[in-house]
Amino acid sequence: MANLILVLNAGSSSIKFRAFDADSKELDLVLYGQAEGIYTMPRFTACDRHGETIHEKSWEKSAGLGHQGALEFIAEFLMSHRGDNRLVAVGHRVVHGGMDFDGPVLVSPGVIARLAKLTPLAPLHQPHNLGPIRILAETRPQLPQVACFDTAFHRGQPELAQAYALPASITEQGVRRYGFHGLSYEYIASVLPQIAPHAATGRTVVAHLGNGCSMCALDGGKSVASTMGFTAVDGLMMGTRSGNLDPGVILYLMDEMKMDARRIEDLLYRQSGLLGVSGISSDMRQLLASEEPRAQFAVDLFVYRIAREIGSLCAALRGIDALVFTAGIGERSAEIRSRVCEAASWLGLALDQDANERGGPCIGASNQTVSAWVIPTNEELMIARHTRNVIRMVRT
Ligand code: ADP
């Protein structure tokens, strides 16, 4: 019999889950899957630890599955597939921990109330993250739940890195840089000592390039600056998000183009980035394969923005010893890695092209002062580790 830790990542239209063996030293993966399209055409898939599909189900038009229905289905599935195993805790990905939470926390009614108050800081994500926490707190009050935050890893950044040049009265109300993708950066920082010891102790820029994209400056494994700020729309150009934008553009959209807040939100979060610039797709694979000039321009802009932000993070670090690529594009696209490193070659960065084609982990040319790496991220494992640590602490 094994004790299981379940990790839930609830988004606006999907709930992803992973079950880990809490008794194994490295938290071995037992099974994983997701319910997606939960408000439209729900589809459930689950795989075993080898990636073999063990269950699939599709629903015709949504019978109101929603978050509650999807969670119930996942719970029933886990009950019927757990064998002798026992669920000992659930770890959740929660996008915002605000100023209060600089690490994972055991969920209590008081914590849920404090997290709900942060909803205005992340209206598109926080309510979805909190949904399953609330449902489980009601239906399984004895089951320990742990909330793990995308912001927490950045809470230790210097005050200067967190501040906007706004009046203090506004900063005091929480309008400051929080940074996101923290669980991904924390995972990378945790494996650097084994993979690249000099990067673990030195000045390292990590590029998390997925549908969401950001970069983080690590000094001795600690976050000192990041490209995302108050919200996860800041910084790099992403799949459908604009990234960095002159705030004057927002005023122009409101005053001259008569857009309201919701319309601008849709524009900046869902209609911009690779999709908006190319007019073709938010999917990097499709753009790289396309001959369309607009697709090529979108990729050029994506690389240019990364290269400029690398310069900015190097300034925050006062130098650079290593560059790490991670997430969908960072882990799988040798072409984007090659183009980014070429644009940043002035830093003393060059690739070993064969190693880059193979996908690393070390992809930097051996004669360069700055090393380059490909390291797959694992946010869910990071959440499982936090969850195990928190419940162990509670028990002792
Ligand atoms: P999310 O941020 O949703 O977790 P991922 O980390 O899975 O997303 O990254 C998705 C992105 O990775 C998409 O833009 C996809 O096109 C890109 N991607 C996946 N595989 C490749 C590949 N082989 N080459 C280029 N881009 C890829």
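Residues numbered from 1 in each chain as written. Predicted model: local features only at pLDDT ≥ 70, side-chain atom pairs only at ≥ 80, totals over all residues. Heavy atoms only, no water.

For the protein chain, the name recorded in an unreviewed UniProt entry is Acetate kinase, with Noviherbaspirillum pedocola as its organism. Word for word, the UniProt comment on the protein chain under Sequence similarities (unreviewed entry) is "Belongs to the acetokinase family." Quoted straight from UniProt, the Catalytic activity (unreviewed entry) entry for the protein chain says "acetate + ATP = acetyl phosphate + ADP". (UniProt positions renumbered as here; feature names shortened; annotations may be inferred.)

Participant: Got a minute to help me understand the overall build of the protein chain in this structure?
Facilitator: Secondary structure summary: the protein chain contains 16 helices and 13 strands in total. Taking 21 Å as the expected radius of gyration for a compact globule of 396 residues, we find that the protein chain reaches 21 Å, a close match to that expectation. Seen through its C-alpha atoms, the protein chain measures out along the principal axes to roughly 55 × 55 × 45 Å. Expressed as a percentage of its 396 residues, the buried residues of the protein chain come to 54%. Pairs at least 24 residues apart make up 61% of the contacts formed inside the protein chain by residues separated by at least 6 positions. For the protein chain, the exposed surface amounts to about 18500 Å²; the carbon and sulfur share of it is 52%. Distance from the positive charge centre (37 side chains) to the negative charge centre (41 side chains) of the protein chain: 4 Å. (Helix = DSSP H or I, 4+ residues; strand = E, 2+ residues; numbered from the N terminus. Rg over C-alpha atoms; globule rule 2.2 N^0.38 Å. Buried < 20%, exposed > 50% of the residue type's maximum accessible area, 1.4 Å probe, protein only. Contact = heavy atoms within 4.5 Å. Areas by Shrake-Rupley, 256 points an atom, 1.4 Å probe, with all protein chains shown as cover. Lys, Arg positive; Asp, Glu negative; His and termini not counted. Charge placed at Lys NZ, Arg CZ, Asp CG, Glu CD.)

Participant: Honestly, the site of the ligand in this entry has me stumped. Any pointers?
Facilitator: Around the ligand, the neighbouring residues are G210, N211, G212, S282, D283, M284, R285, A327, G328, I329, R332 and S333. Between an oxygen atom of the ligand and a side-chain N or O atom of N211, the distance comes to 2.9 Å. D283 places a polar side-chain atom, nitrogen or oxygen, 2.4 Å from an oxygen atom of the ligand. Here the ligand loses 72% of its free accessible area of 590 Å² to cover by the protein chains. Mapped by element, the contributors of at least two residues to the shell around the ligand are α11 (284-289) and α13 (327-332). Among the residues making up the shell around the ligand, the classes are represented as three nonpolar, six polar and three charged. (Near = heavy atom within 4 Å. Polar contact = N/O pair within 3.5 Å; in protein donor to acceptor, adjacent residues only side chain to side chain. Nonpolar A, V, L, I, M, F, W, Y, C, P; charged D, E, K, R; others polar.)

Participant: Is there a simple way to think about the side chain of S281 in this case?
Facilitator: Here S281 is to be found in the loop between α10 (273-278) and α11. For S281, a relative accessible area of 8% translates into the label buried. Residues within four places of S281 in sequence aside, it is in contact with L274, L275, Q286 and L287.

Participant: Explanation requested: the pattern of salt bridges in the structure shown.
Facilitator: Note on pairing: side chains with opposite charge can pair once their charged atoms come close. Tallied over the entire structure, the rule returns 15 salt bridges. A salt bridge links D283 to R285; the shortest N-O distance between them is 3.1 Å. Close ionic contact of R339 with E335 constitutes a salt bridge, the shortest N to O distance being 3.8 Å. Placement of both R339 and E335 in helix α14 (residues 334-343) is noted, with a separation of four residues, approximately one turn of the helix. For R339, a relative accessible area of 28% gives the class partly exposed. Via salt bridges that share partners, E36, R43 and E56 belong to a single interconnected network. (Salt bridge = Lys/Arg side-chain N within 4 Å of Asp/Glu carboxyl O.)

Participant: Is there a simple way to explain the packing of helix α12 (residues 293-317) against α14 in this structure?
Facilitator: Describing two packed helices takes the angle between their axes plus the distance from one axis to the other. Taken N-terminus to C-terminus, the directions of α12 and α14 make an angle of 50°; their axes are 9 Å apart at the nearest point. Of the possible angle classes, the one that applies to α12 and α14 is oblique. Note that α12 runs across α14; the crossing there is right-handed. Residues V299, D300, F302, V303, I306, A307 and I310 of α12 lie in contact with α14, whose contacting residues are I336, R339, V340 and A343. (Axes fitted to C-alpha atoms, helices over the stretch in contact; angles between N-to-C directions. Parallel < 35°, antiparallel > 145°, perpendicular 65-115°, else oblique. Left-handed = near helix turned anticlockwise from the far one by under 90°.)

Participant: Explanation requested: the environment of F149 in the structure shown.
Facilitator: With respect to the helices and strands, F149 occurs in strand β8 (residues 145-149). Its relative accessible area of 2% is what places F149 among the buried residues. With residues up to four places along the chain from it excluded, the contact list for F149 reads V94, H96, G97, F101, G103, V105, L115 and L183.

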